[in-house]
Amino acid sequence: MTLSPARAPGTGPAVRRLSATLYGYAFLDDFVLLYPVYALLFSDTGLTVWQISSLFCLWSLTGVLLEIPSGAWADAVSRRLLLWFGPLLTAAGFALWVLAPSYWAFALGFVLWGAKGALGSGALEALVYEELDRLGVADRYGAVMGRARAAGLVAVMAAMPLTGPVLAFGGYPAVGLASVLACLLTAATATRFPEHREPAGTAKDDDARREGLGDTPGDGWTRTLRAGLVEARGDRSVRGALLLVPAVTAVWGALDEYTPLLVRDTGVAESAVPNWLLLIWAGATVGGLLAGAGRRLGTGGFAVLLAVSAGALAAGAWMRTPVGIGLVALSFCGFQLATVLADARLQDRIGGAGRATLTSVAGVGTDLTTIAVYGAYGVIGSATTHGAAFALFAVPYLVTAVVLAAARKGAAGKKAARAARTSGSRARP
């Protein structure tokens, strides 16, 4: 008879409360009516294409600079604090955009938005994983986070049809007000996250100081930063999981910005482009919902998932037809699933106190790779069609799949060799 592990009293309600709060937070965080039209706001204010591109770069660079320090801060203080404070920054930025539209107002708004993203990146994943682990259901992390990502995508799809009527009714100020309210509701929802953290000065902190990870109780986030980096340096499996996150996440995340151009190149009417984009986002939503079942995939299955998704992306983009967009949607389904699974693999391998720190390190890798993809796409997309550019960017996923398959084969070979040596030693008289 198999005995199930004992769980804390009230585990069921506690998991439901955590999950409901997470899904509500994810939905409200992306239910921003400014998303579909902020580029139009910039253009209508008189910004050039170069100025708009410089804003996107500033946005990304803010996240890169603040990602790791904010992750270490999340390990040193309350993660829930960062999750409710971040949306307030975004609310201030959106309000500034519509009340005083200008290049410098937009720039400051993007800095605030980038800071919000850095505060939440790492903190959210660490809080959810450790709360589930405390309740004895850490194995449900992938499924829970997959549904959260799906909730965010549903919010984007729900906001799109509402933006037009609100814009027609009250212009950009009305759209901005609705976006600010969504941010405030996101912050309010974050206050409901449960958080059970050991306070500073516990035995774990004392152990860390004795191991040279900190000298005084006041070194706070720098101590957690060093602790996280020490774990990454000393654990090969953690390093591999850190590298896998940007390898899986960055390329398709950057390509998402160019999907309207890809769809338009198929020859569909301009008015039909949003409908085809909804199909692509629906594919990504399904990928998030499949994360629970996908947790059963081993390294070999993960490699196959990447290879199949890359093939669907290349074939669908190269076709340059509406039917091909369906294959692109299928590929985004696979990439979203792989993104959630890569995050879950990383969380499973982190054993120290620097969970948010290491998650933020992976986030920095993703941000830097995304910036590189933007630059590469600017060059490739200018020299060829968008379909050809998308197809070419499927190659990194094929390379990653080959590397994973080779690593799995090598690990299996080492395991077999160890088993043979063990068997031989036992057979000796």
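Residues numbered from 1 in each chain as written. Predicted model: local features only at pLDDT ≥ 70, side-chain atom pairs only at ≥ 80, totals over all residues. Heavy atoms only, no water.

J.: Before we move on, could you go through unusual backbone geometry and cite the residues and values that matter?
T.: Phi at Arg320 takes a positive value of approximately 55 degrees, unusual for a residue other than glycine. Owing to a relative accessible area of 38%, Arg320 belongs among the partly exposed residues under this scheme. (Buried < 20%, exposed > 50% of the residue type's maximum accessible area, 1.4 Å probe, protein only.)

J.: I'd love a proper account of the nonpolar core, names of residues and values included.
T.: Core analysis: the largest hydrophobic core is formed by 82 residues, its most contacted members being Val128, Phe193 and Phe302. The dominant element in this core, judged by the number of residues it contributes, is helix α15 (residues 322–349), at 12 residues. Ranked by size, the runner-up nonpolar core spans 23 residues in total, among them Trp97, Phe106, Ala107 and Val175. (Core = buried A, V, L, I, M, F, W, Y, C linked by side-chain atoms within 4.5 Å. Helix = DSSP H or I, 4+ residues; strand = E, 2+ residues; numbered from the N terminus.)

J.: I'd love a proper account of the environment of Phe110, names of residues and values included.
T.: For Phe110, the location among the structural elements is in helix α5 (residues 103–120). Separated by 16 residues in sequence, Phe110 and Phe94 place their C-alpha atoms 8.9 Å apart. When near neighbours in sequence (up to four residues on either side) are disregarded, Phe110 contacts Tyr38, Phe42, Leu55, Phe56, Trp59 and Trp97. (Contact = heavy atoms within 4.5 Å.)

J.: Can you tell me about the packing of aromatic side chains, naming the residues and giving the values?
T.: Scanning the entire structure with this criterion turns up 22 aromatic pairs. Aromatic pair Tyr25 and Phe193: ring centres 5.5 Å apart, planes at 65 degrees, arrangement edge-to-face. One end of the pair, Tyr25, is in helix α1 (residues 11–30); the other, Phe193, is in the loop between α7 (141–190) and α8 (203–210), with 168 residues separating them in the sequence. One exposure class covers both Tyr25 and Phe193, and it is buried. Plain terms: the ring middles of Phe94 and Trp113 are 5.2 Å apart, the flat faces sit at 80 degrees to each other, and that makes the pair edge-to-face. Note that Phe94 is positioned in helix α4 (residues 79–99) and Trp113 in helix α5, a separation of 19 residues in sequence. Given a relative accessible area of 2%, Phe94 falls into the buried group. Its relative accessible area of 8% is what places Trp113 among the buried residues. Ring-pair connections join several aromatic residues into one group, and the members of that group are Tyr35, Phe42, Trp59, Phe94, Trp97, Phe106, Phe110 and Trp113. Its guanidinium or amino end placed over the ring of Phe302, Arg345 lies 5.5 Å from that ring's centre, counting from NZ or CZ. (Phe/Tyr/Trp six-rings, centres within 6.5 Å; stacked < 30°, edge-to-face > 60°. Lys NZ or Arg CZ within 6 Å of the ring centre and 35° of its normal.)

J.: Can you explain a nonpolar patch on the surface? Please cite residues and give values.
T.: On the surface, Trp73, Val77, Leu81, Phe85, Leu88, Leu177, Leu181 and Leu184 cluster together into a nonpolar patch covering about 650 Å² of accessible area. Along the polypeptide, Leu88 turns up in helix α4. On the basis of relative accessible area, Leu88 is assigned to the partly exposed category, the value being 32%. (Patch = residues over 30% accessible without salt bridge, like charges linked within 9 Å, V, L, I, M, F, W, Y side chains within 5 Å. Areas by Shrake-Rupley, 256 points an atom, 1.4 Å probe, with all protein chains shown as cover. Salt bridge = Lys/Arg side-chain N within 4 Å of Asp/Glu carboxyl O.)

J.: Can you explain the pattern of salt bridges? Please cite residues and give values.
T.: Applying the stated criterion across every chain yields a total of four salt bridges. A salt bridge links Lys116 to Asp29; the shortest N-O distance between them is 2.7 Å. You can see Lys116 sitting in helix α5 and its partner Asp29 sitting in helix α1, a full 87 residues away along the chain. Residue class for Lys116 comes out buried when judged on its relative accessible area of 12%.

The values reported here are purely geometric and, on their own, carry no functional implication.
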